[in-house]
Structure formats: structure tokens, C-alpha cells
Amino acid sequence: VQMKGVYSERDSSIDGSIVSHEWGHILSNRLIGNGSGLDHSPGGGMGEGWSDFNAMLMIVRPEDETAPANANWSGTYSTGAPSVFASGNNAFYEGIRRYPYSTDMTKNPLTFKHMRAGVALPTSPAPVFGVDGSINGEVHNTGEVWANMLWECYAALLRDKSRFTFQQAQERMRRYLVASLKLTPPNPSFTEARDAMLFAAYSSDRQDYDLFVTAFAKRGMGDGATASDPFEDDPDRAKGIYAKHLGIQESFATGASLYIDPDSVGIDQSLVSCDSDGVLDNGES
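**Q** In this structure, what is going on with the overall build of the chain? I would like to understand it.
**A** Counting its regular elements, the chain contains eight helices and two strands. In sequence order, the chain lays out its α and β elements as β-β-α-α-α-α-α-α-α-α. When its C-alpha atoms are laid out on the principal axes, the chain stretches across 70 × 50 × 35 Å. Within the chain, the fraction of its 285 residues that count as buried is 47%. Sequence separation of at least 24 residues holds for 64% of the intrachain contacts in the chain that already meet a minimum separation of 6. Of the roughly 13600 Å² of accessible surface on the chain, 53% is carried by carbon and sulfur atoms. Here the chain contributes 23 positive and 37 negative side-chain charges, whose respective centroids are spaced 7 Å apart.

Dropping the structure here:
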């Protein structure tokens, strides 16, 4: 806006995508370790991704599917566009991230390896910034990859019109998001957080689980994918030094080892327990 010749940025407090993003931090931080479960670099990165995805749950509308550019939910979505829009820029396509969110690999080509420092970004399409990959470990950049994986999961539900209306797919994805956060351990690795989402889906509907396995595999977090050490040395973000996530190895397979059997889960209270009642209470390990 222009006020008496002085440029002023738009107020982000009236940008729904940013408000939803910030509220998403409250959700993920409280449900994972009750405020102390995302104190490491992978957690910070996935926290940004969960928050961007929370914004997408608000932004994506049923009428979007009628847009010619969004056939089969392959269009693009941006985050924070209203706050950074200026005459002549491309904010409503790019938003504030390196690529817009999309299930189309020609529009958003990011895969699991692009969380690893030094892996150059694809140049077609050209990213808005960070092409050399040196800042892939910065939490918002890491979060982009994670959020797009979650969008692949959600889009798979939206496409399954034989089972779901838009509202049913949206409600189911909301429930999976919250359930997966509750199932994610404190200070998780990337694959542990993936497994939490897969476990939530499998516990509800095997078909949803299969869709999610395929969605993660499409973006390089398939069967055999390896996460970085979640406890690698914490970088000094204030000095612009970010995590490297060097242990990341991609896989695009959908093999059987991702199969999760809820009946195999049990509680081992042999280490520290107060009442050994088969329920994990506060203060018990």
C-alpha cells in the first residue's frame, strides 16, 4: 500500500495462510513433547512444514478443482502471498518459498534429498532462491519438502472420489494430521515422523495407508529411505549456519518393510514403571 508516498508492507495478521501457519506451530509443539519435543534441527524443519501444510488445509477449497490449471489436483499453491504481493511480482504463484506447493513434479520438483546440504536444486523450474543447495538445512527450506510430502498425501485422498467428497477427504486429513502428531516421538527423525503418519492412516483405513505410502515414495521417502541423525550437532542459526542432514538417502520404493501392524505394538515397562498397569503414565519410561 502507499500512504503519503511511503511504502508499507501489508499486515501479515490479516493473511490467513500466515495466521494458520503460526497456529500450526502451537499444534505441533504441544502435541509432540508438550512444548519440548521439537528442539532439534529436524524438528524445527518439520515444524515449519507442518505449519505450511496446516495453512494448506485452510486454503484448499472444493472449487479449486474446477480450475483448468488444477486438473486432478496438480496445480500450485503459495504461502504468504498476500503479505508480500507488490505490483509486478509473482507472489501469488511463488509465495514465500523456493517453489510453489504442487503434486506436479514439473512445478515442484523437491524430493527428500533436497533437505540435505549441498544438493543443488533443480533449475527447471527455476527456484526463487537457494539454487546451489547450500541452505537446504535451513528450517523453512527443509519444511518445504516435508509440507509437499503431506500435500501429496492429502491430494491422494482428494482424488479418491469413489470414496470421499471433498469435505470427507478434508476432515480425514485433519484427523490424520493431529493423530500423527500425537504418535510422533520427541525429537523425531524424518522417517519417524513419516511412520507416525503412516501408522495413523493404517490404524484407520488400509486404503488410505497405501495411498500415503505411494505419496511419500513419490518424493523420495519410500521403503529403504534413510534419515539423517536427528541429534547431529545443532547449528547456529543466528549466524546463518544451518543443519546439513548429510545422512539422508532417498528411496522411491513402496516395499513391504513399510507395512505397520498395529497389533505388534506393545508397552515395555521393565525399565522404569510405577504401577505396571500396561498404560504409559506421566513420569514412566
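**Q** Help me understand the nonpolar core, please; the structure alone is not making it clear to me.
**A** Ranked by size, the top nonpolar core spans 54 residues in total, and within it Trp-50, Trp-146, Trp-151, Met-173, Phe-212 and Phe-216 carry the most contacts. The set of elements that each furnish at least two residues to this core consists of helix H2 (41-59), helix H5 (139-159), helix H6 (166-183), helix H7 (190-204) and helix H8 (206-218). In terms of residue count, H5 provides more of this core than any other element does, 11 residues in total. Residues within four places of Trp-146 in sequence aside, it is in contact with Met-46, Gly-49, Trp-50, Met-115, Phe-190, Ala-193, Arg-194, Phe-216 and Met-221.

**Q** Sorry, what's going on with the packing of aromatic side chains here?
**A** The description of an aromatic ring pair uses the distance of the two centres, along with the angle that the planes make with each other. Tallied over the full model, the rule gives 11 aromatic pairs. Ring centres 5.8 Å apart and planes at 90° place the aromatic pair Trp-50 and Trp-146 in the edge-to-face group. Separated by 96 residues along the polypeptide, Trp-50 in helix H2 and Trp-146 in helix H5 bring together distant segments of the chain. The same class applies to Trp-50 as to Trp-146, namely buried. Three or more aromatic residues joined by ring pairs form one cluster here, namely Phe-53, Trp-73, Tyr-77, Trp-151, Tyr-154 and Phe-166.

**Q** Quick question: what am I supposed to make of the side chain of Ser-102 here?
**A** When you line up the elements, Ser-102 lands in the loop between helix H4 (91-94) and H5. Non-local contacts of Ser-102, meaning those with residues more than four positions away in its chain, are made with Ser-74, Gly-75, Thr-76, Lys-107, Asn-108, Asn-148, Trp-151, Glu-152 and Arg-219.

**Q** Help me understand the pattern of salt bridges, please; the structure alone is not making it clear to me.
**A** Proximity of charged atoms lets side chains of opposite charge pair with each other. By the definition in use, this model includes 14 salt bridges. A salt bridge links Arg-163 to Asp-205, with the shortest nitrogen-to-oxygen separation between them at 3.1 Å. Of this pair, Arg-163 sits in the loop between H5 and H6 while Asp-205 sits in the loop between H7 and H8; the two residues are 42 residues apart in sequence, bridging distant segments of the chain. Here Asp-210 and Arg-206 are joined by a salt bridge, their closest N and O atoms 3.0 Å apart. Here Arg-206 and Asp-210 lie together in helix H8, a separation of four residues that amounts to about one turn. Its relative accessible area of 41% is what places Arg-206 among the partly exposed residues. Look at the salt bridges and you will find they share partners, linking Asp-160, Arg-163, Arg-172, Asp-205 and Asp-208 into a network.

**Q** Is there a simple way to think about H7 in this case?
**A** Count 3.6 residues to each turn of an α-helix, and residues three or four apart come out pointing the same way. With 15 residues, H7 ought to run about 21 Å at 1.5 Å a step, and its terminal C-alpha atoms sit 22 Å apart, in line with that. Within H7, 11 of the 15 residues are buried, which leaves it mostly tucked inside the rest of the structure. Buried residues of H7: Phe-190, Thr-191, Ala-193, Arg-194, Ala-196, Met-197, Leu-198, Phe-199, Ala-200, Ala-201 and Tyr-202, and no others. Of the surrounding elements, those touching the buried residues of H7 are H2, H5, H6 and H8.

**Q** Hey, could you run me through unusual backbone geometry in this one?
**A** Excluding glycine, residues mostly carry a negative phi; peptide bonds, for their part, are mostly trans. Cis geometry is adopted by the peptide bond preceding Pro-125, which originates at Ser-124 and carries an omega value of 5°. Of note, Pro-125 is situated in the loop between H4 and H5. Within the chain, Asn-34 stands out as a residue other than glycine whose phi angle is a positive 50°. For Asn-34, the location among the structural elements is in the loop between helix H1 (16-31) and H2. The exposure class of Asn-34 is exposed, given its relative accessible area of 55%. A positive phi angle, close to 60°, is found at Trp-73, a residue other than glycine.

Conventions we followed
Residues numbered from 1 in each chain as written. Predicted model: local features only at pLDDT ≥ 70, side-chain atom pairs only at ≥ 80, totals over all residues. Heavy atoms only, no water. Helix = DSSP H or I, 4+ residues; strand = E, 2+ residues; numbered from the N terminus. Buried < 20%, exposed > 50% of the residue type's maximum accessible area, 1.4 Å probe, protein only. Contact = heavy atoms within 4.5 Å. Areas by Shrake-Rupley, 256 points an atom, 1.4 Å probe, with all protein chains shown as cover. Lys, Arg positive; Asp, Glu negative; His and termini not counted. Charge placed at Lys NZ, Arg CZ, Asp CG, Glu CD. Core = buried A, V, L, I, M, F, W, Y, C linked by side-chain atoms within 4.5 Å. Phe/Tyr/Trp six-rings, centres within 6.5 Å; stacked < 30°, edge-to-face > 60°. Salt bridge = Lys/Arg side-chain N within 4 Å of Asp/Glu carboxyl O. Expected span 1.5 Å × (residues − 1).

Distances and angles like these do not, on their own, reveal function.
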